[in-house]
Structures are given as structure tokens and as C-alpha cells.
Amino acid sequence: MATSTPDQKIDITSDVCPMTFVRTRLKLETMTSGQVLEVILGAGEPLKNVPRSVTEMGDEVIDLVEIADAPGTFRLTIRKA
């Protein structure tokens, strides 16, 4: 479970790949090292691709959990490198 309160939040549930990662990357670029971003995303390609791409770019995935009252929607918590 994430132990950090997010510094920024973004909801990409209405976006499709590759815009899900593009919007996440653009938000991370506005942040400083060590800050935490909370991303709300849907199942399928975004759930598979965004965490993998974020890790490949050097940032840390802290947590990834399904939102209890919104099946098929997930909360991804990222720490900027």
C-alpha cells in the first residue's frame, strides 16, 4: 500500500493508449524528483502499459491497486526519479 500522500493527481480513465502514457509522462515532467503522482486508469492496455513504461523511464511504481468502489478502475502511485 502507498505510504505517501500524492503531490499531484491525474485521471486518464477516458484516454486511450498511447495518450495514457503521454499524459502521465507530461505530468511527471512538471514534477521534481521524489514527488509522488497518483494516476487513475482503466483496465486493459493502460493498466499493462503505463506502469511498465513509467518503470522503463526510471520512475518508481509504489503501488497499483483496484479501486474498491469502481471495478475495473485502478490507482497507480508513482515516485518521480
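Residues numbered from 1 in each chain as written. Predicted model: local features only at pLDDT ≥ 70, side-chain atom pairs only at ≥ 80, totals over all residues. Heavy atoms only, no water.

An unreviewed UniProt entry annotates the protein chain as Sulfurtransferase TusA family protein of Thalassospira povalilytica. The UniProt entry for the protein chain carries this comment under Sequence similarities (unreviewed entry): "Belongs to the sulfur carrier protein TusA family." (UniProt positions renumbered as here; feature names shortened; annotations may be inferred.)

Participant: Explain helix H1 (residues 19-29) to me, please; I cannot follow it from the model alone.
Facilitator: Each turn of an α-helix holds 3.6 residues, which means side chains three or four residues apart point in the same direction. Every buried residue of H1 is listed here: Thr20, Phe21, Thr24, Arg25 and Leu28. Each buried residue of H1 lies within a common arc of 125° when the element is viewed along its axis, so the set occupies one face. On its buried face, H1 is in contact with strand S2 (36-42), helix H2 (45-56) and strand S4 (73-79). (Buried < 20%, exposed > 50% of the residue type's maximum accessible area, 1.4 Å probe, protein only. Helix = DSSP H or I, 4+ residues; strand = E, 2+ residues; numbered from the N terminus. Arc of directions from axis to C-beta. Contact = heavy atoms within 4.5 Å.)

Participant: Would you mind showing me how to read the UniProt feature "domain: UPF0033" (unreviewed entry) in the protein chain here?
Facilitator: Under the feature "domain: UPF0033" (unreviewed entry), the UniProt entry names residues 9-80. Within residues 9-80, the helical portion is 32% and the strand portion 33%, while the C-alpha atoms at the span's ends are 13 Å from each other.

Participant: How do you make sense of the sheet that holds S4 when you look at a structure like this?
Facilitator: Adjacent strands of a sheet form backbone hydrogen bonds with each other and so pair up, either parallel or antiparallel. Reading across from one edge, S1-S2-S4-S3 is the order of the four strands in this open sheet, with mixed pairing throughout. Looking at strand neighbours, the two that pair on one side only are strand S1 (8-11) and strand S3 (60-66), the edges of this open sheet. Recorded for the sheet is a direction-independent mean angle of 15° between the axes of neighbouring strands. Of the pairings in the sheet, the one linking S3 to S4 comprises six bridges and is antiparallel in character. Bridging across to S4, Val61 finds its partner in Ile78. (Pairing = 2+ DSSP bridges. Axes fitted to C-alpha atoms, helices over the stretch in contact; angles between N-to-C directions.)

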